[in-house]
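Chain by chain, the residues run as shown.
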Amino acid sequence: MDPASLRGLGPDQVLVLVNGKRRHTTALVNINGTFGRGSVGTDLNSIPVSAIERIEVLRDGAAAQYGSDAIAGVINIVLKKVTPYSFSTSFGQSSSNALGRDFSDGRTFQVDFSKGWAFKNDKGFINFAAQYLQRGYTNRGGLDTRPLLYSASPTKGPTETEAAFQARFASLKAADDARAAANGLDRNNMRVGNSDSKNGGGFLNGQFNFGKTTQLYYAAGFTHKTGSAAGFYRLPTQTTQIDLSIYPNGFLPFIDTKINDYSFSAGLRGKIGTWDYDISNTSGENTIAFNINNTVNASLPTGTSPTSFYAGELLFRQNTSNLDINKKHTFDGGFLTSLNTAFGGEFRIDNYQIKEGELLSYSNGGRLIGTSPTASGAQVFPGFKPSNALDKSRHNVGAYADFEAEFGPRVTLEAAGRYENYSDFGSNFSYKFTGKVKLFGDVSIRGAYATGFRAPSLHQQYFNNESTQFVGTNATQVLTVNNANPIVAQFGVGALKPEISRSGSLGLAGKIAKTFTFTIDAYNIDISDRIVFSSQYARERSGGVLVPTGVVNQILNTVDPLAQINSVQFFTNAITTNTAGIDVVLTNRFNLGAKSSLILSVAGNVNKTVVRSIQGSDKIESDPTLKAKLFDRLERSRFESSVPKNKLNITATYNVNKLSFVARTVRFGEVTYLNAIDPNIPANGLPTQLDQTFAPKWVTDFSVSYAAGKNWSVTVGANNIFDVYPDKLYIDPRDNQNNLSGNPASNYSGGLDNTSNGRFLYPRAVSQFGFSGRYVYGKIACTF
């Protein structure tokens, strides 16, 4: 899934429209350790590129006009209308060298088609577009650095000499390595990169004209996607997560998904007297079914576990009805020259569902390893239990008014207000003021001030599950509870509230000498009651033994007295943030002759987000341990430093005769990862390198196209042509497979770095740019 973000804010703080109508979000809430954690985005990858005519971006807060989610701005995707037959096919793959290895993976095949037909006598049009994309997986994982793969690490006996221990350890390792070689157990045992995926779908866009003023319009889309993503490799030593009679050499489990996305929109536009009206209804649905393969339920009796499970399904459905009316008044002479008046109303219904998986995907069969209980459910993704299953809906009603006035040829002012009432949390009123003053020629100064809000999604309010997550290098069972769960109430956390924003912007825009265009905009966005996914509240332990008086232990024991759940996490309105920045876009066209031209564009952004305050419930605020875990320094860094604070994009397009050359280079600014526990405090005993800053990098793309005829063109090119990778993660010198020392100061410990035993060599908790390396491709396109 490919969500979009604007101005450094989350994917759920930008509203996506298709032909001006609200697009539904996905059924997935991101609970993984990446940028946008805890958010729900709109999947742009469910709209075929071949269906898109253009994309419009409104970078100002627009909740006063469009409602929830428009804090950062609006992306409007405009679909094609009347177009010729257009067909293209492309093939590409990675051609990269990294980690001392050559990579040729990620093979991608794509086919696109579109055609728009005009009806006779100006009766309208219909356009159909389709896309098929097949992408292979990439793997940039490193070698497992653990000394032993089959045997648990030995401990030095109380009377054993250091030399005898070293010899015993060396003998055990030699036997372990020989066994791995004989059985084909490779230390390159992970898939770290893009998943396998297939994506096929189509979009229909049309309009039928009744006379000159009335149009019936419609758009419908369907996309089916499958994906296969690998989890963490389970080694033979991880006995509570494996059945050695089925996988004596361990296994790499896969999360396989089937995603269906539907949308349909229809409306009627026309005139009543001097007023224009637009009445419409838009429906959308996104479903994600999870099938877990090459895995086991380790708790089942030995040798009885299936290796594939249906783990359940997520569904999100939305239906939006709109009525908009507007009229433009013009005035001859006087101070006010025109006034555009618009009113509208909206009724929206949201529905969110979690459907349970098959029994064995989540159940516990009671198998023990000695006295240790084994993990319940399918390894890598335990299925949704009946207790997780739910079907929740809400509705909201909104009404807005918008006035735009022109005062002579130079000044335009606008004011808008919108009232919303939600069935689950109440009401909100947002307003916006904007203005533009023409300074000279085509150069104008513009500004805006707006309040906004984002309603908590149903996903954030109700998602709940139990999952196996790797914290450091240890597998841990994590319980995600929603705000209706009594556990959350024991933390003193109540129902989610909407996020409230105040934003302002000021900028210059214009055109000089007919060829040079520019926009320069500064902005400032304050958001209070921002919803976050809490850090994990782990059970309290002392010397590896549970502390019975621990607050988290007491809370978790109410639902898990056997202590199989290690941690709990939930959504809460916890932080206040400020985001400020500057956007600059410069474009110039150079006419170099009768058959040649050069278009040069420079786009830059400087952006900074600061978490101004962290506020928990009264109970959390009164307990320093609970407060520290609510939103730790790792979670803070996801907001403040996990995406580049500056980015520069320089693009040149040179056309000469039948050739077209495109060169683009992008500078991604530095990003910083902060460890959850501060390594700069000596008492914590952690390497200071666990906090790591990744240097800025330039990534360059190049392509050349040749127009073989009036209807045909051929393109070859490369993305990341210079094969640039992010800085590598720090690996502690003690974390290597040959570290056999019994000296505690140098003994192997996977918690000394962020590579998960050497298998993640590039950053994954920060989002600077990808780590697949150079990608080469060819494309053939025809239009007729």
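Higher on the page you've got the structure.
The following paragraphs examine the structure supplied in this document. Quick caveat: nothing in here was measured; it's all calculated off a predicted structure.

### Regarding the overall build of the protein
- Per the secondary structure count, the protein includes eight helices and 38 strands.
- Here the C-alpha atoms of the protein give a radius of gyration of 29 Å, agreeing with the 28 Å that 2.2 N^0.38 yields for 784 residues.
- Across the 784 residues of the protein, 50% fall into the buried class.
- Within the protein, counting contacts between residues at least 6 apart in sequence, those at least 24 apart form 71% of the total.
- Seen as two clouds, the 76 positive and the 62 negative side-chain charges of the protein have centres 6 Å apart.

### Comments concerning the side chain of Ser50
- Locating Ser50 in the fold gives a position in the loop between strand 2 (21–22) and strand 3 (52–58).
- Among residues more than four places away in sequence, those in contact with Ser50 are Lys80, Asp112, Phe113, Ser114, Ala129, Ala130 and Gln131.

### What to know about the pairing of strand 37 (residues 712–719)
- Sheet analysis places strand 36 (residues 697–706) next to strand 37, joined by five bridges and oriented antiparallel. Residue Phe702 lies in a different strand from strand 37, and its bridge partner there is Ala718.
- Sheet analysis places strand 37 next to strand 38 (residues 775–783), joined by eight bridges and oriented antiparallel. Looking across to strand 38, one finds that Thr715 is bridged to Lys779.

### Examining unusual backbone geometry
- With a phi close to 55°, Ala513 is a non-glycine residue in the positive phi region.
- Its place among the elements puts Ala513 in the loop between strand 24 (499–512) and strand 25 (516–533).
- Even without being a glycine, Asp723 presents a positive backbone phi close to 55°.
- The residue Asp723 is located in the loop between strand 37 and strand 38 in this model.

### Some details on a nonpolar patch on the surface
- Among the surface-exposed residues, Val437, Leu439, Phe440, Ile445, Leu506, Leu508, Ile520, Ile582 and Val606 lie close enough to one another that they form a single nonpolar patch of about 730 Å² accessible area.
- The greatest single-element share of the nonpolar patch, amounting to three residues, is contributed by strand 20 (residues 426–440).
- Tracing the backbone shows Leu508 in strand 24.
- On the basis of relative accessibility, which here comes to 32%, the residue Leu508 falls in the partly exposed class.

### Remarks on the nonpolar core
- With 26 residues, the main nonpolar core has Phe290, Leu314, Tyr352 and Phe463 as its most contacted residues.
- With four residues, strand 14 (residues 308–330) is the single largest residue contributor to this core.
- Excluding its chain neighbours within four sequence positions, the residues that come into contact with Phe463 are Val29, Ile31, Leu314, Tyr352, Ile354, Phe384, Leu458, Thr480, Val481 and Asn482.
- Counting residues in hydrophobic clusters, the runner-up holds 25 residues, among them Leu185, Leu252, Leu729 and Phe771.

### Structural notes on the pattern of salt bridges
- This structure, assessed with the given rule, holds 39 salt bridges.
- Residue Asp12 pairs with Arg454 through a salt bridge whose shortest N-O separation is 3.5 Å. Of this pair, Asp12 sits in the segment before strand 1 (14–18) while Arg454 sits in strand 21 (residues 443–454), and the two are 442 residues apart along the sequence. Each member of the pair, Asp12 together with Arg454, is buried.

### Regarding helix 2 (residues 162–183)
- Here helix 2 spans 31 Å end to end across 22 residues, near enough to the 32 Å set by a 1.5 Å rise per residue.
- Turning to helix 2, its buried residues number three or more, namely Phe165, Phe169, Lys173, Asp176 and Ala180. Within helix 2, the buried residues cover an arc of 65° as seen down the axis, which keeps them to one side. Those residues of helix 2 that are exposed and angled more than 90 degrees off the buried face are Ala163, Ala181 and Ala182.

### So, the packing of aromatic side chains
- Taken as a whole, this structure holds 30 aromatic pairs when the rule is applied.
- Relative to Phe453, the ring of Tyr422 lies with its centre 6.1 Å away and its plane at 80°, an arrangement referred to as edge-to-face. Taken together, the residues Tyr422 in strand 19 (residues 411–422) and Phe453 in strand 21 connect sequence positions 31 residues apart.
- You can call Tyr422 buried: its relative accessible area is 3%.
- Judged by its relative accessible area of 1%, Phe453 is buried.
- Each residue in the set Tyr85, Phe113, Trp117 and Phe784 is aromatic and connected to the rest through ring pairs, giving one cluster.
- Over the ring of Phe103 we find Arg140; its NZ or CZ atom is 4.1 Å from the centre of that ring.

### Observations regarding helix 8 (residues 633–640)
- Leu634, Glu635, Ser637, Arg638 and Phe639 are the residues of helix 8 that are buried.
- Next to the buried residues of helix 8 lie strand 25, strand 30 (571–593), strand 31 (596–614) and strand 34 (671–673).
- Sitting at the amino-terminal end of helix 8 is Asp632, which places a side-chain oxygen 3.1 Å from the backbone nitrogen of Leu634.

Rules used in this analysis
Residues numbered from 1 in each chain as written. Predicted model: local features only at pLDDT ≥ 70, side-chain atom pairs only at ≥ 80, totals over all residues. Heavy atoms only, no water. Helix = DSSP H or I, 4+ residues; strand = E, 2+ residues; numbered from the N terminus. Rg over C-alpha atoms; globule rule 2.2 N^0.38 Å. Buried < 20%, exposed > 50% of the residue type's maximum accessible area, 1.4 Å probe, protein only. Contact = heavy atoms within 4.5 Å. Lys, Arg positive; Asp, Glu negative; His and termini not counted. Charge placed at Lys NZ, Arg CZ, Asp CG, Glu CD. Pairing = 2+ DSSP bridges. Patch = residues over 30% accessible without salt bridge, like charges linked within 9 Å, V, L, I, M, F, W, Y side chains within 5 Å. Areas by Shrake-Rupley, 256 points an atom, 1.4 Å probe, with all protein chains shown as cover. Salt bridge = Lys/Arg side-chain N within 4 Å of Asp/Glu carboxyl O. Core = buried A, V, L, I, M, F, W, Y, C linked by side-chain atoms within 4.5 Å. Expected span 1.5 Å × (residues − 1). Arc of directions from axis to C-beta. Phe/Tyr/Trp six-rings, centres within 6.5 Å; stacked < 30°, edge-to-face > 60°. Lys NZ or Arg CZ within 6 Å of the ring centre and 35° of its normal. Polar contact = N/O pair within 3.5 Å; in protein donor to acceptor, adjacent residues only side chain to side chain.

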